[in-house]
Amino acid sequence: MKNLIRPALTLLVLLSATTGIVYPVAVTGIARVLFPEQAAGSLIVQDGKPVGSALIGQNFSSPKYFWGRPSATGPQPYNATASSGSNQGPLNPALADAVKARAETLKAADPENKLPVPADLVMASGSGLDPHISPEAAQYQIGRVARERQLSPEQLRLLVEQHTEGRQWGLFGEPRVHVLKLNLALDATRP
């Protein structure tokens, strides 16, 4: 029995050290050398302080800011520890009610806007954390933000165009606007 326990314990300690210490330290070190920004959390830093991550949306509810996609995480929006979709299908009445309530909130915040509400402003993303909206969703909000900030719509259109990212590598995905970066630029236009 002693001949079986000693090799088993030795192997347990060796594999635990390898998979629990050596491998994670090596992978983290390689990531920090090859991908320093991503390994640090893809943080967006302003004035030396992190204000958010480029990978996780922020909850903007003030009418003077552009709003992002609704978050399906609850009870706190954009909670990365609760990342998941709502799992509500297209025939689920709860989804229809949520979409209707979100559309009504958008219309109440900007009653003069007669444009159709873009889908990404009323439908949560699969993860509930999406930091981007479509350029159309940003354009939809220009009137409200311009009135609240007393800026010209043309100035905001230019700002949205400057913060519109193209397809990844020119092939994948759709053009998109990073809401946090756009709102930080918006704050910089008028302190």
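Cut-off values and rules
Residues numbered from 1 in each chain as written. Predicted model: local features only at pLDDT ≥ 70, side-chain atom pairs only at ≥ 80, totals over all residues. Heavy atoms only, no water. Pairing = 2+ DSSP bridges. Helix = DSSP H or I, 4+ residues; strand = E, 2+ residues; numbered from the N terminus. Contact = heavy atoms within 4.5 Å. Axes fitted to C-alpha atoms, helices over the stretch in contact; angles between N-to-C directions. Buried < 20%, exposed > 50% of the residue type's maximum accessible area, 1.4 Å probe, protein only. 1 Å grid on protein atoms, 1.4 Å probe; cavity = no way out; pocket = protein on both sides within 12 Å on 5 of 7 lines; lining within 4 Å. Points joined across faces, edges and corners; volume = space filled by probe spheres on them. Nonpolar A, V, L, I, M, F, W, Y, C, P; charged D, E, K, R; others polar.

S.K.: Looking at this structure, I do not really get the sheet that holds strand β3 (residues 132-133). What am I missing?
M.R.: Adjacent strands of a sheet pair through backbone hydrogen bonds, lying either parallel or antiparallel. Read from one edge of the open sheet, three strands run β3-β5-β4, paired in antiparallel fashion. Only two strands of the sheet have a single neighbouring strand rather than two, namely β3 and β4 (164-165). Both β4 and strand β5 (residues 176-178) contribute to a ladder of two bridges, which runs antiparallel. Each bridged residue has a counterpart across the sheet, and for E165 the counterpart in β5 is R176. Relative to β5, helix α6 (residues 179-189) is tilted by about 60°, and along the sheet it contacts β3, β4 and β5.

S.K.: Even after reading the chapter, I still don't get α6, so can you show me in this structure?
M.R.: In an α-helix there are 3.6 residues to a turn, and that puts residues three or four apart on one side. Among all positions of α6, only V179, L180, L182, N183, L184, A185 and L186 are buried. Contacts made by the buried residues of α6 are with β1 (43-46), β2 (49-53), β3, α4 (135-149), α5 (153-162) and β5.

S.K.: Mind showing me how you'd approach empty space enclosed by the protein here?
M.R.: Left-over empty space is what a probe sized like a water molecule reveals as it rolls over the atoms. For the structure on display, the rule yields one cavity of 30 Å³ or more. Split into classes, the residues belonging to the lining of the largest cavity amount to five nonpolar, three polar and two charged.

S.K.: Would you mind going over the layout of surface pockets with me for this structure?
M.R.: In this structure, the largest pocket encloses a volume near 310 Å³. If you go around the largest pocket, you meet 16 residues; those closest to its centre are N59, F60, W67, G68 and P70. Classifying every residue of the lining of the largest pocket by side-chain character gives eight nonpolar, six polar and two charged.

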